[in-house]
Amino acid sequence: MDNFDLLKKAGEELDKNFSRETYEKFEIYRKLLVEWNKKINLTAITEEKEVYIKHFIDSINIYKVKEIRSLYKVIDVGTGAGFPGIPMKIINPQINLTLLDPLNKRLIFLKEVLDNIGFGDVELIHGRAEDVSRETSYRDQFDLAVSRAVASFPVISEYCLPFVKKDGFFVAMKGPGVKDELNLKPGILKELSSELVNIKTDITDGYEHNLVIVKKLASTRQ
């Protein structure tokens, strides 16, 4: 199965029919990722098919969560090489996307990717989540915060949930062992005026992927 077929199959599971134009955007992204990875550390995964399966398809699988398919204003916290935010935007260009990362070199890479695939409307923020979320222009402003394997669940919850508005969602993309992470600080979601909605688990190529879905119940306490 070639990369386009892999992407097409993933799209069918999301009720989406991906065009060649969509595939070309992913190809531009992949080539820039491999090229820039020689200069700065972006990913340990560079083989073509693995990039599609472990980065691109893993990222867009967040849309398996039906609650978030219609959410518009999205922040990707600790985006790194742009996952899951940029793949989300490629398959759903209507979202208003913000990418946050503490390393400026990565943001320079992300800007080149966005320029090359024609997304001039994505906001890039250089900073640490715990600092940026204290700014009133970002606190309680987003329908959805996402984060992929950045830190343990209690820590990433403290980073992400202040960005989310009341009745919005936070989705943490985690590997195996997430249930143990949830027990590290069992009262954290209540402290953050939120509740666990569901944990959606998939096994792909023998590897466990978890989407931890959290709903914000009230504005962030000052």
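Here the structure is a predicted model, which is why all the values come from computation and not from measurement.

A. Here's a closer look at the layout of surface pockets. Space inside the largest pocket adds up to approximately 640 Å³. Around the largest pocket, the lining comprises 32 residues; the ones closest to its centre are Lys54, His55, Asp58, Arg148 and Ala149. Looking at the lining of the largest pocket, the elements that each hand over two or more residues are helix H3 (48–60), strand E5 (164–174), strand E6 (194–204) and strand E7 (207–216). For the lining of the largest pocket, the per-class residue count stands at 11 nonpolar, 12 polar and nine charged. If you add up the space inside the second largest pocket, you get close to 240 Å³. Listing elements by their share of the lining of the second largest pocket, those giving two or more residues are helix H1 (3–13) and H3. A total of four residues in the lining of the second largest pocket trace back to one element, the largest contributor, which is H1. Here the lining of the second largest pocket is composed, by residue class, of five nonpolar, three polar and five charged.

B. Focus on the pattern of salt bridges. This model, assessed by the stated rule, comprises 20 salt bridges. Between Glu27 and Arg30 there is a salt bridge whose closest N-O contact spans 2.8 Å. You can see Glu27 and its partner Arg30 sitting in helix H2 (residues 20–37), three residues apart, about one turn around the helix. Judged on exposure class, the residue Glu27 and its partner Arg30 are both buried. A salt bridge links Lys166 to Asp167, with the shortest nitrogen-to-oxygen separation between them at 3.4 Å. A single salt-bridge network, built from bridges that share partners, covers Lys9, Glu13, Lys64 and Asp202.

C. Structural context of the sheet that holds E5. The sheet built from seven strands is open, its strands ordered E3-E2-E1-E4-E5-E7-E6 with mixed pairing. Of all strands in the sheet, those with a lone pairing partner are strand E3 (123–126) and E6, marking the two edges. In this sheet, neighbouring strand axes are inclined to one another by 20° on average, regardless of whether the strands run parallel or antiparallel. Across 10 bridges, E6 lies against E7 in antiparallel orientation. Note on E7: the bridge partner recorded for Thr204 is Tyr207. Running over the sheet, H3 touches strand E4 (142–148), E5, E6 and E7 and is turned about 160° from E4.

Criteria and thresholds
Residues numbered from 1 in each chain as written. Predicted model: local features only at pLDDT ≥ 70, side-chain atom pairs only at ≥ 80, totals over all residues. Heavy atoms only, no water. 1 Å grid on protein atoms, 1.4 Å probe; cavity = no way out; pocket = protein on both sides within 12 Å on 5 of 7 lines; lining within 4 Å. Points joined across faces, edges and corners; volume = space filled by probe spheres on them. Helix = DSSP H or I, 4+ residues; strand = E, 2+ residues; numbered from the N terminus. Nonpolar A, V, L, I, M, F, W, Y, C, P; charged D, E, K, R; others polar. Salt bridge = Lys/Arg side-chain N within 4 Å of Asp/Glu carboxyl O. Buried < 20%, exposed > 50% of the residue type's maximum accessible area, 1.4 Å probe, protein only. Pairing = 2+ DSSP bridges. Axes fitted to C-alpha atoms, helices over the stretch in contact; angles between N-to-C directions. Contact = heavy atoms within 4.5 Å.

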